[in-house]
Amino acid sequence: MLRFDTHLHTSFSSDSDTTMEQMILRGIELGMETLCFTEHFDPDYPDNPEGLDFLLDFDAYYETFLTLKEKYRSQIELLHGIELGVQAHLKPVLDEFYQKYGSRFDFLINSCHIVDGLDPYDGIYFQRLPVKEGIRHYFESILSNLKTFPDFQTAGHLDYICRYIPKPAPDFDYREYQDILDEIFLYLIEHHKALEINTAGWKAGLAWPNPHIDILKRYRELGGELITIGSDAHKPEHMGYDFGKLPELLKTVGFRYCTIFRGQQPFSVPID
């Protein structure tokens, strides 16, 4: 089992009720060696029935993290991260955030949750766009977002949108989007950024983690080497979700190492 999880949420994220300490205790129970908390910060998140705003109290988050990092120092390594919901028009907001708080973080995830003011999670997105057109538009938004906020370490859950394709969902075929995905990969490789493997795809009922194995293969073919691994857990029971499947899958694709970021610097870890 991989003994680290670098994508975790707690009650500092709008969509979790789990305390940070509960997550830490679960990590110790699982024999984890490293956990990285990556709370949501999604400025300009659209109104929603649940009333979630995905804003973040940066100071309270940091102070709690430092207290617990010291408390559990002898039992587990804790890292301070953030998952940014990036949109192109938010560049001034995100630049200001990074200037003020960026040095605190070990690890920043650049994720795309909102396209044209819509979260595919809500179902409305695919009412406005046919499936294949909607997927392509999502990937185009990701490429724009990576360039909008380049001060990140990994691109989060690249095909997140596939979790929410209306049923019956068509088979995902990488080749239909190869041109835009290749642009994304080449940008990541050229700028020494990582690609996240996010096992919440399996938890959401997909036959693959995010991203699809064909996407991972193509990233590797083009020379991609940096990958990060996270469960995207919002509850203790989802920490390390299906991590047991990853070593064989990743070795089949051609990866022998994954990456943990400390102080926004990469450290290689063998894939067991």
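Our structure's up above, just so we're on the same page.
Model, not experiment: these values are computed from the prediction.

Trainee: It is not clear to me how the packing of aromatic side chains should be interpreted in this structure. Could you clarify?
Mentor: The relation between two aromatic rings is expressed through the spacing of the ring centres and the mutual angle of the planes. As enumerated under the stated definition, the model contains 20 aromatic pairs in all. Ring geometry for Phe 172 versus Trp 208: centroids 6.1 Å apart, planes at 40°, classification tilted. Of the two residues, Phe 172 is situated in the loop between strand S5 (154-155) and helix H6 (178-190) and Trp 208 in the loop between helix H7 (200-203) and helix H8 (213-221); the sequence distance between them amounts to 36 residues. By the ring-pair criterion, three or more aromatic residues cluster together here, those being Tyr 121, Tyr 138, Phe 139, Tyr 160, Tyr 164, Phe 172, Tyr 177 and Trp 208. Lying over the aromatic face of Trp 202, Lys 245 brings its terminal NZ or CZ to 4.7 Å of the ring centre.

Trainee: Can you walk me through helix H3 (residues 91-101) in this structure?
Mentor: Since there are 3.6 residues in each turn of an α-helix, residues three or four apart along the chain are aligned in direction. Turning to H3, its buried residues are Leu 94, Phe 97 and Tyr 101. Axial view of H3: buried residues confined to an arc of 60°, hence all on one face. Turned more than 90 degrees off the buried face of H3, the exposed positions are Pro 92, Glu 96, Gln 99 and Lys 100. Looking at the buried residues of H3, the elements they touch are strand S2 (34-41), helix H2 (58-71), strand S3 (77-85) and strand S4 (107-111).

Trainee: Just checking my understanding: could you explain the state of the cysteines for this structure?
Mentor: Between two cysteines, a covalent bond joining their sulfur atoms is known as a disulfide. Overall, the coordinates contain zero disulfides when judged by the stated rule. Not engaged in a disulfide, the cysteine Cys 112 finds its nearest cysteine sulfur in Cys 162; these two sulfurs lie 12 Å apart. Note on Cys 112: relative accessible area 2%, which makes it buried. Among the cysteines around Cys 258, which has no disulfide bond, Cys 36 carries the closest sulfur, lying 13 Å off. In this structure Cys 258 comes out as buried when scored by relative accessible area, which is 0%.

Trainee: Quick question: what am I supposed to make of the nonpolar core here?
Mentor: When a protein is soluble and globular, its nonpolar side chains tend to lie buried together. Grouped together as the largest cluster of nonpolar side chains are 84 residues, with contacts concentrated most on Phe 97, Phe 139, Ile 184 and Leu 250. Sequence-distant contacts of Leu 250, that is, excluding residues within four places in its chain, are made with Ile 197, Leu 216, Ile 227, Ile 229, Phe 255 and Ile 271.

Trainee: So what exactly am I meant to see when it comes to the pairing of strand S9 (residues 265-270) here?
Mentor: Put simply, side chains in a regular strand alternate between the two faces of the sheet. Pairing between strand S8 (residues 257-262) and S9: six bridges, direction antiparallel. Bridged to Cys 258 within S9 is Val 269. Counted along the chain from S8 to the antiparallel partner S9, the turn is two residues long, and its residue Gly 263 has a positive phi close to 60°.

Trainee: When you look at the pattern of salt bridges in this model, what are you seeing that I'm missing?
Mentor: For side chains bearing opposite charge, pairing can occur when the charged atoms are close. Applying the stated criterion to the full structure yields 13 salt bridges. Across the salt bridge formed by Glu 77 and Arg 262, the nearest N and O atoms sit 2.6 Å from each other. Of this pair, Glu 77 sits in strand S3 while Arg 262 sits in strand S8, and the two are 185 residues apart along the sequence. Overall, the relative accessible area of 24% leaves Glu 77 in the partly exposed class. Judged by its relative accessible area of 28%, Arg 262 is partly exposed. Here Lys 91 makes a salt bridge to Asp 95, at a shortest N to O gap of 3.2 Å.

Trainee: Looking at this structure, how should I read the environment of Glu 176?
Mentor: With respect to the helices and strands, the residue Glu 176 is situated in the loop between S5 and H6. Not counting the four nearest positions on each side in its chain, Glu 176 is found in contact with Lys 132 and Arg 136. Within the structure, the side chain of Glu 176 is placed 2.8 Å from the side chain of Lys 132, a separation counted as a polar contact.

Trainee: Would you mind going over the sheet that holds S3 with me for this structure?
Mentor: Here seven strands make up an open sheet; going across it, the order is S1-S2-S3-S4-S5-S6-S7 and the pairing parallel. Strands with a single pairing partner mark the edges of an open sheet, and in this sheet they are strand S1 (4-8) and strand S7 (227-230). Both S4 and S5 contribute to a ladder of two bridges, which runs parallel. Residue pairing across strands places Ile 109 opposite Thr 154, the latter belonging to S5. Along the sheet, H2 makes contact with S2 and S3, crossing S3 at roughly 160°.

Basis of the calculations
- Residues numbered from 1 in each chain as written.
- Predicted model: local features only at pLDDT ≥ 70, side-chain atom pairs only at ≥ 80, totals over all residues.
- Heavy atoms only, no water.
- Phe/Tyr/Trp six-rings, centres within 6.5 Å; stacked < 30°, edge-to-face > 60°.
- Helix = DSSP H or I, 4+ residues; strand = E, 2+ residues; numbered from the N terminus.
- Lys NZ or Arg CZ within 6 Å of the ring centre and 35° of its normal.
- Buried < 20%, exposed > 50% of the residue type's maximum accessible area, 1.4 Å probe, protein only.
- Arc of directions from axis to C-beta.
- Contact = heavy atoms within 4.5 Å.
- Disulfide = S-S within 2.5 Å.
- Core = buried A, V, L, I, M, F, W, Y, C linked by side-chain atoms within 4.5 Å.
- Pairing = 2+ DSSP bridges.
- Salt bridge = Lys/Arg side-chain N within 4 Å of Asp/Glu carboxyl O.
- Polar contact = N/O pair within 3.5 Å; in protein donor to acceptor, adjacent residues only side chain to side chain.
- Axes fitted to C-alpha atoms, helices over the stretch in contact; angles between N-to-C directions.

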